[in-house]
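Next come the chains, spelled out residue by residue.
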Amino acid sequence: MNTVRLTVAQALVTYLSKQYSVADGRRRRLIPAALGIFGHGNVAGLGQAFDQLSDAMPFVQGRNEQALVHLASGFAKASRRHATLAVTASIGPGALNMVTGAGLATVNRLPVLLLPGDAYATRHQGPVLQQLQHPSEADTSVNDAFRPVSRFFDRITRPEQLLTALPAAMRVLTDPVETGAVVISLPQDIQSHAYDWPEGFFAERDWTIRRPAPDADEVDAVARLLAEAERPLIIAGGGVVYSGATPELEDLASALGIPVAETFAGKGAVQRKEWWQLGGIGLEGTPATNELARDADLVLTVGSRLTDFATASHSLFQHPDVRFASINVNVHDADRLGATGIVADAKRALSALTEAVTRHRPADTTAWQNRVRETAGRWAPVRAAALDPDVPFDRATVAGDVVPDTGAVLTQGQLIGLLQEHLRSGDTIVAAAGGPPGDLQKVWDATDGRHCHLEFGFSCMGYEIPAGIGVRLADPDRDHRVVSFLGDGTFLMAPTELVTAAQEGLPVTVVIPENHGYQVIHRLQMGRSGREFGNEFRYRTGPLDLESAKPARLEGEYLRVDLAGIATGLGARAITATTADEVRAALTDTRDHDGPVVIVVPVIPHADLPGAGVWWDVAPAEVSDSDTVARLRTEYEQGLTTRRWYG
Ligand SMILES: Cc1ncc(C[n+]2csc(CCOP(=O)(O)OP(=O)(O)O)c2C)c(N)n1
Ligand SMILES: [Mg+2]
């Protein structure tokens with residue numbers, strides 16, 4: 001056997017540079033680049049290897065390890081899971097910074113490859129700087145924290161373990177059922193060890209993204225349910241997008257006249273603008289979609305996990321005999337709500353289903369179709385008015401809360417209206433936490449390629465800017481603009497990857513609706529405890545005296561924070577735009593800017609879009625010193641009676 005002598009780190013990087021994914025006839029590099037921050041736990045091993053092999057594996061330096069994992073997730077999502085990036089970190093804090101990113105990737109079923117350093121395998125020189133000394137489990141390191149948030153974890157304590165660990169890791173990354181965070185933990189001494197690797201280990205290898213075929217009996221069972229249904233509804237999830245099943249979904253919906261609702265991950269699953277295209281469902285869905293969902297007698301879910309946001313904590317579907325059917329590549333998801341499932345790839349299952357329903361005589365759904373048109377027709381003008389910057393905001397619509405005068409003239413809805421006006425086919429808007437993802441889910445029109453990239457599996461503050469960079473790397477076409485839409489709280493938590501965008505000359509636009517607080521949580525708080533506490537960004541009414549019997553509270557003026565100043569300092573071109581015309585001009589003037597742009601838009605706090613009209617299981621305190629809490633608790637308990645068990 002011919003062998004090649006390389007260090008563990010050099011072998012790892014060489015191997016990664018030879019892996020390809022094959023999907024829909026396209027062969028591409030599975031891991032075309034690596035990201036990272038070095039410390040003593042990876043600089044001498046992986047750092048040396050990335051330097052030596054930088055032609056085969058470009059390396060991007062970042063600012064925060066968590067953000068780099070988000071960048072990889074954003075890249076993977078925009079690449080429909082056909083490619084991802086590797087991220088390396090040093091041991092201890094650098095490694096642990098990646099754990100949140102791993103959780104996000106795994107919850108959202110997005111492939112990312114994480115390469116944290118680890119404490120010495122040889123042990124005797126330890127404890128190394130930043131090593132955890134577990135009192136009773138001597139082989140535990142901080143990297144064991146990755147185990148519950150990753151889909152594959154291995155620690156390489158001998159070089160030859162790579163020979164089996166890496167193919168297993170690639171299999172998980174490219175498997176639509178298993179995929180998520182994959183962690184190869186690399187003790188710092190082992191990274192630099194040399195070994196004689198079989199030459200064949202470094203041959204190019206293809207990983208076909210599998211499309212499991214549907215079982216004919218399962219297809220027929222769902223076809224029968226569809227044919228019998230008088231009020232069918234389809235819920236499209238992320239699986240439709242990843243599978244590229246949009247045309248097949250549209251064919252089924254238009255052939256049978258079935259309305260299609262979308263989850264956060266499924267936003268944009270329908271690209272045609274038709275009467276049966278409903279948009280968002282559930283907690284941040286449209287009131288029209290939810291009204292229809294309440295009366296559906298058959299719900300066919302395609303490629304969704306059905307979180308509590310989609311089902312309104314199991315209170316949304318109220319038809320007494322509602323039945324569920326599903327298409328999902330993952331059997332656990334296919335079984336949700338006791339559904340009759342087709343465990344298969346969405347694209348293949350949908351086309352088989354469209355074919356199979358023709359063998360059944362369908363029920364008459366004319367009345368339901370008319371109802372869909374009428375209900376959606378009532379929502380359309382409400383949506384349009386909420387997005388129109390020329391329709392003045394009516395303060396009376398804000399129930400039980402004050403609308404402070406901050407000098408802002410636009411609502412967040414109107415700002416979304418202006419973004420909708422500006423973004424065109426091929427552009428992407430990214431959101432993950434705070435008010436932005438819910439508002440986009442409710443009103444964004446993602447048809448005709450106006451991509452809406454919503455991370456709502458983890459809804460992680462800090463995803464948006466690095467993910468925008470990831471989308472940019474996945475779609476380098478400079479005619480397409482990538483816009484990350486995030487709150488002021490989120491920007492303050494994690495603005496730093498703007499530096500990376502500036503360093504790499506990557507055009508991304510960050511739009512910040514400045515509303516002076518964690519306002520989406522303030523809204524929830526008003527509905528569950530009736531009083532602001534710790535969510536708005538306000539100065540303390542006096543000095544923070546920890547000895548005082550009645551300490552001053554966070555109830556003073558709004559904080560003065562210069563968001564545009566922060567952005568400028570991090571290397572972005574920054575603009576504050578207050579009026580509709582200023583926002584329009586800012587978007588147009590910066591559209592071709594070859595680097596990061598930050599547009600700060602003051603928006604009226606507490607001025608929300610129309611509600612979705614559904615219940616959510618977030619329990620107010622059962623006992624308290626407040627009549628308001630008692631009243632909200634009673635309302636909550638009334639909501640509890642609407643929750644159902646479906647199976
Ligand atoms: C990392 C992280 N921490 C906390 C939360 C809980 N959380 C969800 S939204 C939110 C407020 C976000 O504030 P901002 O970005 O200003 O958006 P707004 O709510 O004002 O629209 C918080 C704290 C979260 N989703 N992610
Ligand atoms: Mg905010």
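Structure: above.
Residues numbered from 1 in each chain as written. Chains lettered and ligands numbered in written order. Predicted model: local features only at pLDDT ≥ 70, side-chain atom pairs only at ≥ 80, totals over all residues. Heavy atoms only, no water.

**Student:** Even after reading the chapter, I still don't get the overall build of the protein, so can you show me in this structure?
**Tutor:** When its secondary structure is counted, the protein shows 24 helices and 23 strands. A compact globule built from 647 residues should have a C-alpha radius of gyration of about 26 Å, and the protein, at 26 Å, falls within 12% of that. Counting only C-alpha atoms, the protein reaches 75 × 70 × 55 Å along its principal axes. Each of the 647 residues in the protein was classed as buried or not, and the buried ones make up 56%. Excluding contacts between residues fewer than 6 apart, the proportion of contacts in the protein whose partners are at least 24 apart in sequence is 77%. Summed over its atoms, the accessible surface of the protein is roughly 25,900 Å², and 51% of this surface lies on carbon and sulfur atoms. With 59 positive and 78 negative side-chain charges, the protein shows a spacing of 3 Å between the two charge centroids. (Helix = DSSP H or I, 4+ residues; strand = E, 2+ residues; numbered from the N terminus. Rg over C-alpha atoms; globule rule 2.2 N^0.38 Å. Buried < 20%, exposed > 50% of the residue type's maximum accessible area, 1.4 Å probe, protein only. Contact = heavy atoms within 4.5 Å. Areas by Shrake-Rupley, 256 points an atom, 1.4 Å probe, with all protein chains shown as cover. Lys, Arg positive; Asp, Glu negative; His and termini not counted. Charge placed at Lys NZ, Arg CZ, Asp CG, Glu CD.)

**Student:** What's the story with helix H21 (residues 519-528) in this structure? I'm lost.
**Tutor:** In an α-helix there are 3.6 residues to a turn, and that puts residues three or four apart on one side. Among the residues of H21, those classed as buried are Gln519, His522, Gln525 and Met526. The arc that holds every buried residue of H21, seen down its axis, measures 105 degrees, which confines them to one face. At its buried positions, H21 is contacted by helix H24 (627-640). Looking at the residues trailing H21, positive phi occurs at glycine 530, about 75 degrees. (Arc of directions from axis to C-beta.)

**Student:** Would you mind going over the packing of helix H1 (residues 8-16) against helix H2 (residues 43-52) with me for this structure?
**Tutor:** The description of two helices packed together rests on the angle between their axes and the distance between the axes. Where H1 contacts H2, the axes come no closer than 8 Å and their chain directions differ by 45 degrees. The angle between the axes of H1 and H2 places the two elements in the oblique class. Every pair of crossing elements has a handedness; the one defined by H1 and H2 is right-handed. In this structure, H1 uses Ala9, Gln10, Leu12 and Val13 to contact H2, whose residues at the interface are Gly45, Leu46, Gln48, Ala49, Phe50 and Gln52. Split into classes, the residues belonging to the contact of H1 with H2 amount to 6 nonpolar, 4 polar and no charged. (Axes fitted to C-alpha atoms, helices over the stretch in contact; angles between N-to-C directions. Parallel < 35°, antiparallel > 145°, perpendicular 65-115°, else oblique. Left-handed = near helix turned anticlockwise from the far one by under 90°. Nonpolar A, V, L, I, M, F, W, Y, C, P; charged D, E, K, R; others polar.)

**Student:** I tried to follow helix H8 (residues 216-228) on my own but got confused; where do I start?
**Tutor:** With 13 residues, H8 ought to run about 18 Å at 1.5 Å a step, and its terminal C-alpha atoms sit 18 Å apart, in line with that. Those residues of H8 that fall on the buried side of the exposure criterion are Val219, Val222, Ala223, Leu225, Leu226 and Ala227. Against strand E12 (232-236), helix H10 (246-256), strand E15 (298-302), strand E16 (323-328), strand E17 (340-343) and helix H14 (346-357) lie the buried residues of H8. Capping the start of H8 is the job of one residue whose side-chain oxygen sits 2.8 Å from the backbone nitrogen of aspartate 217: aspartate 215. (Expected span 1.5 Å × (residues − 1). Polar contact = N/O pair within 3.5 Å; in protein donor to acceptor, adjacent residues only side chain to side chain.)

**Student:** What's the story with the site of ligand 1 in this structure? I'm lost.
**Tutor:** Residues in close proximity to ligand 1 total 16 residues, the closest being Gly435, Asp488, Gly489, Thr490 and Val520. The contact in question runs from an oxygen atom of ligand 1 to an N or O atom on the backbone of glycine 489, over 2.7 Å. Contact between ligand 1 and asparagine 515: an oxygen atom at 2.9 Å from a side-chain N or O atom of the residue. When ligand 1 sits alone it has 580 Å² of accessible area, and the protein chains cover 77% of it. Listed by contribution, the elements that provide at least two residues to the shell around ligand 1 are helix H17 (435-443), helix H19 (488-493) and H21. Partitioned by chemical class, the residues of the shell around ligand 1 number 6 nonpolar, 9 polar and 1 charged. (Near = heavy atom within 4 Å.)

**Student:** What exactly am I supposed to notice about the sheet that holds strand E3 (residues 26-29) here?
**Tutor:** Whenever strands of a sheet pair, they do so through backbone hydrogen bonds, lying parallel or antiparallel. Across the sheet, which stays open at both edges, the 3 strands sit in the order E3-E2-E11 with mixed pairing between neighbours. Looking at which strands have only one partner, the edges of the open sheet turn out to be E3 and strand E11 (205-208). Across this sheet, the average inter-strand angle for adjacent strands is 30 degrees, counted without regard to direction. (Pairing = 2+ DSSP bridges.)

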